[in-house]
Amino acid sequence: MDKIKALKIWLKKNNLKREAVLVSGANALQKYAISLKEVSNLKDWFNDDYSNLSFDKLFNGSLRIIIPFNSEEQKELLNVVRTLKNAGWAPAGGNNFFDTKKVKQKLRRLNGGEEYEKEIEVADLKVSKKEKTIIPAGPRKGEEIVRENVSSISKVLMNPKTNTPPGLSDWWQNHQTEYAKDFNWKQIESAFNDGEVATEYSILISRDPIDVLRMSDHKNISSCHAEGNSYFKCAISESKGNGLVAYLVKTSDLDKLLTAPEPWEPDHDTGGSTNRIDIKDLDLQEIFRDPQRKIEGIEPKSRVRLRKYVNTDKDYEFAVPENRSYGPHPPGFIDRVRAWAWESQKDIFKADPDDEYISVPDNFELKMYGGSYRDSSDGELLNTFFEEGGVKTDFYGYLDTESEDEENAFEMWEQEIEQINNRADGILSNLGFFASVENEDDPYIYTSASLEVRIHLNGWEDPYIRNSFIQTESDFRPIPFGWGEHKFRELLEHQEGGEIQDLALSNDNELVFAITFECEDCANPDDVDSFLDYVYRDIDVQYDKYVERVRKKLVQNGYIAQIEFDKAAERLNSISFQNFDVIGDEEDNDGTISIISKPDSMLMNISIPIDPTMDEFTGTNISKIFNTKTSPMHSSHRLIDEPEIILNILTKIAKEAYEATKLQLSFPFLNDSDNNLIDSDNNLIMYDQAIDSFSIEIQDKLRKKITSAKMEIEIKVSDADSHIVFVENLVSLLDDNFDKIGAKLFELLERKAKIASHENAAKLRDIYSGALAKPIINELKHAYQDDVKRLALWIEQNWDRFNNAEKETAYVKYLLATKSRSYYYQDNSLDTPSHWNQTMQQRPDTDISYHWKGPSIKDVIIPSYQDIDTEE
């Protein structure tokens, strides 16, 4: 327990409430990265004297400039989407959305190094298309069916039938990992929906000292440059007239900032001017949000530093972007900043502005100014910078540095690499990972990952090794050891590349080999970190799918025998189910057979009750009403309760059929070997066997109605043979009783909807009576922020004046929201809480001309802590 928390508890125990509240405020302030002291020190140094800063010409005398975020990546992404759409493919999640999932990422804190987990959402970048196909064999031979094929975007683009433009597949291979995270997949979805990539960001480049100092002082951006961390002194050195920072910000936030009469937003109540201003008009004002100092600015999403280099022989300076960014961002952010930096400064390197010849400085002519910490060597940064202008250079190593904080690059990199190796140990299950820093004078990084693969030689009897072959007396092709056997090794190749190491035979009849993946482009710890993310997501997590693909190829080429999973796929495809489609794993060989209810076979029409305590922007909490595992991005929701109920109903049906016939062999769900399906009371054991293979999803339309349901049964290659046979029979039982099951499912869901409706009505009564509002009001009256206390007191004093719509707004939009965020800022020019009138006007039950006419929030007097305690 930290000291401040312990002190707060002690004060409360000793009835020192006021002091405990003050300590809470101090605790919040100490978490704030940039202290008031450091801001004050920097302001004293700057003293509003622009001559203390570099790059005056580059910024035309101002402190900040704005450039649009329109990257080359967006053009390439549009080409990818056009190619996929022309070939009939769309995101596999339905309605042009991708399926997403939450994964836990293990990280280490910058100070102390302790490990913690962070849950992030990632997208499964799979696409699907429906194709007509002819059943090749069995009772339905020659019948035409529609089958949904699912594949990765990479595989589709590499398929010659797709007619992918030259180079586009390689571009996607290099960028796909970026689109799977940080919600960047939304750009792909927008291209599928609208035919264009939505651009919601702009880039703001600043030399303002406080903007630079706060490079790691924002919600989404953290690094070793934050106050209290190891390289904060580098941030101080950068801020004193040296480096620049490029921030990625939402264009809508920027527009709001630049159209307001005050720096933050127009006064909708008084009709204040909304004339657009220039960014330079906000010089010497802070524009980035800081809750602790009550600055309601914008919140940057990501940032990249620009380093200051000086040619000491020819007396000129220029700014070069780092190769690493901090904070989540769409692909192309750094490239766009680098393109601007080159275009804005290329004439510096010309003897004559009209001459195209670029005079590249020598290593010995240059010095780097500012914080000594580098994410990349000076040589790398300069080579990448000049390459932007098509100029090949051979800078190398680290330049002389003019800085207030000299640090050793080798030692800095060693610390970061150690943290990355520790993270790899925590997240990798199938891969070995190694990274190291070499050469103290001119450090470089070596990193690699190794995947050990084991595949059972199914059907082999008494294997032995002879003449560089693994052989058996069984009727299978021998497996060659030699490197010359390229055709066999092609069967083992990993889709992500890598070098296959020597083959071996284990004592358990397994083919054993390793694949090594080296990172040839890992030039700095950031590259190593990205490489770790890549091998984790695309290799480690995909291990089972890779092994299954190889196993299938070995079966098809006569090296090993089929397993029960392969035979089940053939059997299921030969059966004509009335209500289910069988989707095999031929496309991706991912080791899963899915049996899914046919489209529109389970239609529903159930209205979804709206929870009055929820902000309408969050949508209806379907998960809470129907108890589902729900992705907020999509309209499909997996039920948690109903699969068990349905399976219990099937158990009863099967048992009744069994009791009626008394002929076990004539009942297809059981046979003589199925004794494990009968418990001690002679009941069928249905639930334990099937619950992991059976799922039910519901779909909603515009979050207003449950429109349909879908049942799915999965068979996995890892399932036991007896389980695979069991699930096959389960599908038949479901198909035969489909109408009865569908009616029961509708009844269960409608019952939950009615319960939620009654609960919502009760919540409304509690809102109108004030029963829900009073506890929150009392809690907020003890907040350390005056604006929060004033808001709570204003609502309390006017509660009896409010109509029902105003009570709902006060409770949901202000009390609940403020309690959740732990802060609130009042526009002191208004008589109401900020945005009150426009929020009320947006309600369907309130007139558009609504305007509060009651007591002003300006007149609310905040009592002392003693007075508040006395009131209670």
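Whatever comes next refers back to the structure up there.
Residues numbered from 1 in each chain as written. Predicted model: local features only at pLDDT ≥ 70, side-chain atom pairs only at ≥ 80, totals over all residues. Heavy atoms only, no water.

(A) Seen up close, the sheet that holds strand β15 (residues 464–466). In space, the 3 strands of this open sheet follow the order β15-β16-β17, with antiparallel pairing throughout. Two strands lie at the open edges of the sheet, namely β15 and β17 (479–480), each paired on one side alone. Judged from the 2 bridges that link them, strand β16 (residues 469–471) and β17 form a sheet pairing that is antiparallel. Across the sheet, residue I470 finds its bridge partner in β17, namely I479. (Pairing = 2+ DSSP bridges. Helix = DSSP H or I, 4+ residues; strand = E, 2+ residues; numbered from the N terminus.)

(B) The arrangement of the state of the cysteines in detail. For the structure shown, the criterion picks out 1 disulfide. Sulfur-sulfur distance for the disulfide between C519 and C522 comes to 2.0 Å. The S-S bond linking C519 to C522 shows a torsion near 90°; that makes this disulfide right-handed. By relative accessible area, which is 5% here, C522 ends up buried. (Disulfide = S-S within 2.5 Å. Buried < 20%, exposed > 50% of the residue type's maximum accessible area, 1.4 Å probe, protein only.)

(C) Examining the packing of helix α24 (residues 786–798) against helix α25 (residues 804–821) more closely. Interaxial distance between α24 and α25 falls to 11 Å at its minimum, and their mutual angle equals 150°. In this view, α24 runs roughly antiparallel relative to α25, as classed from their interaxial angle. In the crossing of α24 with α25, the sense of the turn from one axis to the other is left-handed. Between α24, through V788, L791 and I795, and α25, the contact on the second element is made entirely by A810, Y814, L815 and T818. For the contact of α24 with α25, the class distribution of residues is 6 nonpolar, 1 polar and no charged. (Axes fitted to C-alpha atoms, helices over the stretch in contact; angles between N-to-C directions. Parallel < 35°, antiparallel > 145°, perpendicular 65-115°, else oblique. Left-handed = near helix turned anticlockwise from the far one by under 90°. Contact = heavy atoms within 4.5 Å. Nonpolar A, V, L, I, M, F, W, Y, C, P; charged D, E, K, R; others polar.)

(D) Structural view of unusual backbone geometry. Unlike most non-glycine residues, D48 shows phi in positive territory, near 55°. With a phi close to 50°, N60 is a non-glycine residue in the positive phi region. Mapped onto the secondary structure, N60 falls in the loop between α3 (36–46) and β1 (64–68). Assessed through its relative accessible area of 72%, N60 is described here as exposed.

(E) Broad picture of the packing of aromatic side chains. Summed over all chains, the structure comprises 33 aromatic pairs. Ring centres of W342 and F386 lie 5.8 Å apart, and the angle between their planes is 70°; this geometry places the pair in the edge-to-face category. Of the two residues, W342 sits in helix α11 (residues 333–345) while F386 sits in helix α12 (residues 378–388), which places them 44 residues apart along the sequence. Accessibility classification places W342 together with F386 in one group, the buried group. By way of ring pairs, the aromatic residues Y309, Y316, F318, W342, F349, F385, F386 and F395 are connected into one cluster. Lying across the ring of Y369, K308 places its NZ or CZ 5.0 Å from the centre. (Phe/Tyr/Trp six-rings, centres within 6.5 Å; stacked < 30°, edge-to-face > 60°. Lys NZ or Arg CZ within 6 Å of the ring centre and 35° of its normal.)

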